[in-house]
Amino acid sequence: MSKYNETILTNSGLDLASRAANGKTKFTITKATSTADDLTTMSESDLQKLTSLPNEIQTGSITNQDENIPNSNSVIGTEILFTNQGIDKGYSVNAVGLYAKEDGKDEEILYALNTAIEPEFMPDFADQVLLQFKITMYVIVGRTENVTVIIDPSGMASKDYVNTKITEIDVNDKIQDEGIAKKLQNKLVYTDNKSQGKNAITQVAEALGAAVYGFKTIDKDGNVTVIPPDSDSLVTLPGEWNSGDSDGDSDPDHPSAGVDIYPGSLANGEITERYCLWQGASDPTQITNVAFTQDVGTKMDKVGEGLTFLLYIQRTAINKGLKGDVVKIPFNYDPSNAVKDGYYTTTAPVPSYIKAKSFEVDKEQVITYNGIGENLTTIKNHESPGIGFTFKADKTMDIRPIQGFDNDGAADGITGYTYDVIVEVIATYSTQMAVQQLPATINFFTGLGNGDIALSGVSNFYENTASGIEVTRDISAKVHDVNAYTVNFNGDFPAYADVPMTFYIPKEYLIIGYKYPIPTDKLPLINTETEQPKNNAENKKTAFKTDTASSTEIYLRGLKNAYIEILSGKVNFTFVLVTGSWLYSGSPKRWGNTEYSMLLNKVTPY
């Protein structure tokens with residue numbers, strides 16, 4: 001069977017979608033074409049540069065539009081039909097292109113394309129045998145209300161026509177043939193398993209379809225399984241079809257761990273509408289009470305589908321009963337429980353997701369992070385770490401730590417480790433269909449700026465940002481608040497500050513309202529009004545010049561706003577470097593200070 005890659009937006013398509021997302025234009029998806037040219041030798045970057053599909057063979061009919069993508073107002077599914085009618089020579093459909101026209105312009109642009117992994121073969125029409133090939137291309141369009149799709153109704157029954165004909169059916173009509181009636185009744189016994197809550201017409205249609213044709217199932221790898229009807233026109237379903245919970249959370253590749261479920265792939269953009277409710281670090285020694293930054297409702301009914309928790313392991317070494325080093329270890333979520341060096345492996349989904357309906361007032365929900373952990377080989381005693389969440393009547397939440405351990409069980413003092421789960425972010429979440437991920441060659445922002453930096457092409461909740469965003473600062477900085485030294489900073493940034501040029505913010509942290517800490521531990525966060533000067537020897541360690549040609553040294557004192565705040569369609573970068581150049585007299589002595597605003601240079605996906 002045929003199989004196609006994910007849809008790729010061309011550079012022109014991405015530009016058009018970005019402007020439509022910002023309400024600056026509207027456009028129409030006009031047509032779809034196909035080619036026999038093998039484009040698999042072209043890189044994704046080269047495909048994005050295409051302005052037309054090479055050597056187009058035929059134009060397909062756009063037969064339907066699906067903009068009802070759950071929880072998404074930026075994705076449209078365009079259903080395209082190709083037939084072999086009029087085809088003189090058979091060919092392989094190696095790529096399909098989708099064209100669009102911007103309002104007020106005559107030029108059609110290649111908006112997006114799909115390339116084939118295993119192409120569909122379109123035979124010629126010499127034998128007058130009609131073959132149809134249908135493909136649905138899901139594309140980012142900015143905002144669906146700014147997009148029109150031209151649907152070709154020729155030879156197709158419209159939805160309105162079908163709906164009208166359905167209303168003309170008398171559901172009370174009796175089937176006169178007792179044999180057919182019996183078979184239908186048998187079928188409806190099956191249909192009840194899959195069609196509860198559907199009307200009688202839908203159930204009969206499903207029953208008839210199954211009786212005549214049986215079923216074909218396609219798994220995630222594209223493997224087809226045929227389930228034919230038996231002699232009584234009954235279709236026997238595999239047992240796993242009737243397993244799982246009623247909400248559809250069961251996923252054989254990602255089994256739930258109690259209330260901790262796997263709702264979809266964050267990497268593929270299936271998780272959306274994440275708003276930060278709290279960030280910090282839960283206390284591993286006692287219950288942490290969390291006050292949310294937004295109203296979650298008296299029944300946790302204002303959080304979308306539920307809550308997601310970002311967390312890590314705090315490992316404490318124990319040597320003959322004495323506590324030693326404390327280190328932070330990231331989780332490695334792996335349903336197959338394969339060890340990963342430097343990580344704590346668990347089979348419980350991480351990040352953790354709990355449905356909103358699971359949070360009853362004063363009822364604790366416990367997650368245990370079972371798994372191979374660090375795969376220590378000298379362990380005698382093992383206990384998996386966990387954590388308990390209790391939603392309170394006052395709309396706060398208690399976080400209760402459940403310590404795990406690996407140790408040798410020695411009677412004269414154990415040696416090993418304790419493991420504590422630390423919660424650092426709580427956010428809302430919802431789910432949607434996967435979205436096209438943007439390549440690292442796309443620039444969300446280039447230039448020099450600080451404060452709110454608008455990002456072009458980013459989806460509302462960063463669903464299309466691949467593994468995350470790469471943020472590059474500039475070497476320069478500008479005077480933000482001057483008390484002493486008025487020159488902008490254009491020299492080599494002092495190594496002592498240990499502030500990297502590039503920050504990588506993983507996708508799991510791209511949560512609206514989250515403040516991602518800028519990684520530096522050399523300089524403190526300070527209050528410039530009350531901070532006392534250090535002695536001269538300490539000051540000299542941080543001395544630097546604002547320009548290589550300058551003879552005046554100033555001193556690094558600390559940082560303000562050392563974070564990048566994630567906002568919808570933009571980031572806030574107000575990172576300030578605080579310096580001092582001389583001491584005021586008086587008691588207590590205070591710095592004469594200059595504050596420098598650091599500048600962003602570029603933001604891209606990675």
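Residues numbered from 1 in each chain as written. Predicted model: local features only at pLDDT ≥ 70, side-chain atom pairs only at ≥ 80, totals over all residues. Heavy atoms only, no water.

Enquirer: Just checking my understanding: could you explain the side chain of threonine 428 for this structure?
Expert: Mapped onto the elements, threonine 428 comes out in strand β25 (residues 416-431). A distance of 2.9 Å separates a polar side-chain atom of threonine 428 from the backbone oxygen of glutamate 273. Apart from residues no more than four positions distant in its own chain, threonine 428 is found in contact with Glu273, Arg274, Tyr275, Leu277, Val303, Gly306, Leu307 and Thr308. (Helix = DSSP H or I, 4+ residues; strand = E, 2+ residues; numbered from the N terminus. Polar contact = N/O pair within 3.5 Å; in protein donor to acceptor, adjacent residues only side chain to side chain. Contact = heavy atoms within 4.5 Å.)

Enquirer: I'm lost on the nonpolar core in this one. Help?
Expert: A general feature of soluble globular proteins is that nonpolar side chains tend to end up buried together. Judged by nonpolar contacts, the single largest core of 67 residues is most densely connected at Tyr111, Leu455, Ile505 and Val571. Beyond its immediate stretch of four places on either side in the chain, isoleucine 505 contacts Ser467, Gly468, Ile469, Val471, Leu510, Tyr516, Ile564, Ile566 and Tyr606. Grouped together as the second largest cluster of nonpolar side chains are 32 residues, Val303, Phe359, Phe391 and Tyr419 included. (Core = buried A, V, L, I, M, F, W, Y, C linked by side-chain atoms within 4.5 Å. Buried < 20%, exposed > 50% of the residue type's maximum accessible area, 1.4 Å probe, protein only.)

Enquirer: Is there a simple way to think about the packing of aromatic side chains in this case?
Expert: Two measures describe an aromatic ring pair: the distance that separates the ring centres and the angle between the ring planes. Under the counting rule described, the total for this entry stands at 16 aromatic pairs. Seen in terms of ring centroids, phenylalanine 309 and phenylalanine 389 are 4.1 Å apart; in terms of plane orientation they differ by 25°. Their pairing is stacked. On the criterion of sequence distance, the pair formed by phenylalanine 309 in strand β15 (residues 306-319) and phenylalanine 389 in strand β22 (residues 386-391) is long-range, its members being 80 residues apart. Across this residue pair, the class does not change: phenylalanine 309 and phenylalanine 389 are buried. Here the aromatic cluster, defined as three or more aromatic residues joined through ring pairs, consists of Phe331, Tyr344, Tyr369, Tyr417 and Tyr419. Sitting above the plane of the tyrosine 417 ring, arginine 315 keeps its charged end 4.3 Å from the centroid. (Phe/Tyr/Trp six-rings, centres within 6.5 Å; stacked < 30°, edge-to-face > 60°. Lys NZ or Arg CZ within 6 Å of the ring centre and 35° of its normal.)

Enquirer: Would you mind showing me how to read the sheet that holds strand β30 (residues 515-517) here?
Expert: Hydrogen bonding along the main chain pairs the strands of a sheet, whether they run parallel or antiparallel. Sheet architecture is open: four strands sit in the order β27-β34-β33-β30, paired in antiparallel fashion. Strand pairing shows two members of the sheet lacking a second neighbour, β27 (451-454) and β30, which therefore form its edges. Neighbour-to-neighbour, the strand axes of the sheet open up by a mean angle of 25°, direction not taken into account. Looking at chain direction, β27 and strand β34 (residues 570-573) are connected through four bridges and run antiparallel. Looking across to β34, one finds that isoleucine 453 is bridged to valine 571. (Pairing = 2+ DSSP bridges. Axes fitted to C-alpha atoms, helices over the stretch in contact; angles between N-to-C directions.)

Enquirer: Please clarify how the pairing of β34 should be interpreted in this entry.
Expert: On any regular strand, side chains alternate: one points to one face of the sheet, the next to the other face. As paired strands, strand β33 (residues 563-567) and β34 are joined by three bridges and run antiparallel to one another. Each bridged residue has a counterpart across the sheet, and for isoleucine 566 the counterpart in β34 is valine 571. If you look at the hairpin formed by β33 and β34, you'll find two residues sitting between the two strands, and glycine 569 has a positive phi there, around 75°.

Enquirer: I keep staring at unusual backbone geometry and nothing clicks. Help me out?
Expert: Backbone geometry follows two general trends: most residues other than glycine have a negative phi, and most peptide bonds adopt the trans configuration. The omega torsion of the bond from valine 350 to proline 351 falls at 0°, within 30 degrees of zero and hence cis. Phi at lysine 395 takes a positive value of approximately 70°, unusual for a residue other than glycine. Mapped onto the elements of the fold, lysine 395 is located in the loop between β22 and β23 (396-402). We classify lysine 395 as partly exposed; its relative accessible area is 29%.

Enquirer: Help me out: how do you make sense of the pattern of salt bridges in this one?
Expert: Where charged atoms from two side chains of opposite charge approach closely, those side chains can pair. By the definition in use, this model includes 14 salt bridges. Between glutamate 102 and lysine 105 there is a salt bridge whose closest N-O contact spans 3.3 Å. Look at glutamate 102 and you get buried, because its relative accessible area is 12%. Since its relative accessible area comes to 46%, lysine 105 is described here as partly exposed. Between lysine 302 and aspartate 295 there is a salt bridge whose closest N-O contact spans 3.0 Å. Where salt bridges share partners, they join Asp15, Arg19, Glu102 and Lys105 into one cluster. (Salt bridge = Lys/Arg side-chain N within 4 Å of Asp/Glu carboxyl O.)

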